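Breakdown of the fold
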Amino acid sequence: MNGPGHNESASSSTVGPTVGKRVLDVGCGWNKTPGAIGIDANPRAHADVIHDLGVLPYPFANDEFDEVVCRHVAEHVPDVMAFVTELFRITKPGGRIKITTPHYSNPDWPTDPTHRNHFNSYSFNCFIEVRQVFPFYTQVKLKPIRIYVSLANLWRALGLEFVVNLDQKWPAFRFTRKFWEFYLSYIFRGKELQFEFEVLDAS
């Protein structure tokens, strides 16, 4: 597998459009993003490329995509660190990686036996330079653009989802999500996490 840098060469995919914004939908299933190239392990999916997402590298060149979309995929992969590193490799500097995954307190998580990984709002901090606790884990550099958590419908209706995500409008209120996640999330259950990251140049 190629390293996380953006200067090495790799064989380029010939599938999909060659002009305009290039988007990859990883684990696209039957709901592929319109106009995107889809990759999925399941041959019954609406994918352009059939590939086991646990096998790296993916059949794409470095810096090939402007945007990579992953909806309910990260909870299934065998190695999250390797998975994010591979998404970083194939996304251009300045491009976006969008990840949607269940929150670890989602009571529906155990209903799917193919789920492997739990996530909270801080699960990708090791890729964010200013938030790294252990900077030797990776060379991948991501800039958080949006981190949003949806709550179960009852708590959303009562306004708790708005309170938990106050930092979306006022960054100084990030502590409200941390307080909920540390002390209240097993009572006021989370549902989905939505992450959007900008890819930074690793050089």
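Up top is the structure these notes are about.
Presented here is a report on the structure given in the accompanying data block. (Residues numbered from 1 in each chain as written. Predicted model: local features only at pLDDT ≥ 70, side-chain atom pairs only at ≥ 80, totals over all residues. Heavy atoms only, no water.)

**Here we look at the overall build of the chain**
As a reminder of what qualifies: Secondary structure elements follow DSSP: runs of H or I no shorter than four residues count as helices, runs of E no shorter than two count as strands, and numbering proceeds from the N terminus. As a reference, a globule follows 2.2 Å times the number of residues to the power 0.38, and the radius of gyration itself is taken over C-alpha atoms. Here the term buried applies to any residue with accessible area under 20% of the maximum for its type, exposed to any over 50%, and partly exposed to those in between, with areas from a 1.4 Å probe on protein chains only. The contact definition used throughout considers only heavy atoms, calling two residues in contact when any of these lie within 4.5 Å. The method behind every accessible area is Shrake-Rupley, applied with a 1.4 Å probe, and residues are considered shielded solely by the protein chains displayed. For the purpose of counting charges, residues Lys and Arg are taken to be positive, whereas Asp and Glu are taken to be negative. His and the chain ends are not included. Taken as the charge location is NZ of Lys, CZ of Arg, CG of Asp or CD of Glu.
When helices and strands are counted, the chain shows four helices and seven strands. In the chain, the succession of α and β elements from N to C terminus is β-β-β-β-α-β-β-α-α-α-β. Taken against the 2.2 N^0.38 rule, which gives 17 Å for 203 residues, the C-alpha radius of gyration of the chain at 17 Å falls within 12% of a compact globule. When the 203 residues of the chain are sorted by exposure, 45% land in the buried category. Of all intrachain contacts in the chain linking residues separated by at least 6 positions in sequence, the fraction that spans at least 24 positions is 67%. With an accessible surface of roughly 10600 Å², the chain has 57% of that area assigned to carbon and sulfur atoms. Side-chain charges of the chain comprise 21 positive and 22 negative groups, with the mean position of each set lying 6 Å from the other.

**What about the sheet that holds strand 6 (residues 142–151)?**
Rules: Pairing between strands is defined by DSSP: at least two bridges between them are needed. To define axes, lines are fitted to C-alpha atoms, for helices over the stretch in contact only, and angles between the resulting N-to-C directions are given on a 0 to 180 degree scale.
The mixed open sheet is built from seven strands, whose spatial order is 3-2-1-4-5-7-6. Two strands lie at the open edges of the sheet, namely strand 3 (49–50) and strand 6, each paired on one side alone. As paired strands, strand 5 (residues 91–102) and strand 7 (residues 190–199) are joined by seven bridges and run antiparallel to one another. By the bridge assignment, P102 is partnered in strand 7 with E192. Along the sheet face, helix 1 (residues 80–90) touches strand 1 (23–26), strand 4 (65–71), strand 5, strand 6 and strand 7 and points at about 145 degrees away from the line of strand 5. Packed onto the sheet, helix 4 (residues 174–184) meets strand 6 and strand 7 and runs at close to 55 degrees relative to strand 6.

**Some details on the state of the cysteines**
Where we set the bar: In plain terms, two cysteine sulfur atoms within 2.5 Å form what is called a disulfide here.
This structure, assessed with the given rule, holds zero disulfides. Not engaged in a disulfide, the cysteine C28 finds its nearest cysteine sulfur in C70; these two sulfurs lie 11 Å apart. Overall, the relative accessible area of 5% leaves C28 in the buried class. With no disulfide of its own, C126 lies 15 Å from the sulfur of C70, the closest cysteine sulfur.

**Topic: the pairing of strand 7**
Where strand 6 and strand 7 come together, nine bridges link them in antiparallel fashion. By the bridge assignment, L142 is partnered in strand 7 with V199.

**Section: a nonpolar patch on the surface**
Test applied: To count toward a patch, a residue needs a relative accessible area over 30% and no salt bridge; like charges are then connected within 9 Å, while nonpolar side chains (Val, Leu, Ile, Met, Phe, Trp, Tyr) are connected within 5 Å. We define a salt bridge as a contact between a side-chain nitrogen of Lys or Arg and a carboxyl oxygen of Asp or Glu at a distance within 4 Å.
There is a patch of nonpolar side chains on the surface, built from F162, V163, W170, F173 and F175 and spanning about 520 Å² of accessible area. By the element assignment, V163 lies in helix 3 (residues 160–164). By relative accessible area, V163 is classed as partly exposed at 39%.

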